[in-house]
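In case you want the letters, here they are:
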Amino acid sequence: MDREKTKAAFLLWVFILIVEIVWFYLKRETLYTAGETMFFVTVILVTLSVGALGLRMFGSTKEE
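Let me begin by describing the structure that accompanies this report. Remember, it's a predicted structure, so these values are computed and weren't measured experimentally. (Residues numbered from 1 in each chain as written. Predicted model: local features only at pLDDT ≥ 70, side-chain atom pairs only at ≥ 80, totals over all residues. Heavy atoms only, no water.)

### A closer look at helix α2 (residues 34-58)
Because the α-helix completes a turn every 3.6 residues, residues three or four places apart line up on one side. Here α2 contains 25 residues, and its C-alpha end-to-end distance of 36 Å stays within 8% of the 36 Å for a straight helix at 1.5 Å per residue. Contacts made by the buried residues of α2 are with α1 (3-26). (Helix = DSSP H or I, 4+ residues; strand = E, 2+ residues; numbered from the N terminus. Expected span 1.5 Å × (residues − 1). Contact = heavy atoms within 4.5 Å.)

Listed below in structure tokens is the structure:
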């Protein structure tokens, strides 16, 4: 993947992560069960993991 595509993928990943964090912040006013809280945390952790792995795998910017 070239540098521009990697940058675009990174920005999209950051945008999705921010949306999830804002979503979690806005939902904090209601009471949750432990399962709901684990769901929110899991969604954010999966987004972090998949985004980081994708950028690591496809983000090679070595000029050949």
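And the narrative resumes.
### Considerations on the packing of aromatic side chains
Counted according to the given criterion, the structure contains 3 aromatic pairs. With 6.3 Å between their ring centres and 90° between their planes, Trp-23 and Phe-39 make a pair best called edge-to-face. On the criterion of sequence distance, the pair formed by Trp-23 in helix α1 and Phe-39 in helix α2 is long-range, its members being 16 residues apart. Taken together, a centroid distance of 6.0 Å and an interplanar angle of 55° make the contact between Phe-39 and Phe-40 tilted. (Phe/Tyr/Trp six-rings, centres within 6.5 Å; stacked < 30°, edge-to-face > 60°.)

### Some remarks on the side chain of Thr-47
The residue Thr-47 is located in helix α2 in this model. In this structure Thr-47 comes out as buried when scored by relative accessible area, which is 13%. Of note is the side chain of Thr-47, whose polar atom sits 2.9 Å from the backbone oxygen of Val-43. The residues touching Thr-47, leaving out its near neighbours within four places in the chain, are Trp-13, Ile-16, Leu-17 and Glu-20. (Buried < 20%, exposed > 50% of the residue type's maximum accessible area, 1.4 Å probe, protein only. Polar contact = N/O pair within 3.5 Å; in protein donor to acceptor, adjacent residues only side chain to side chain.)

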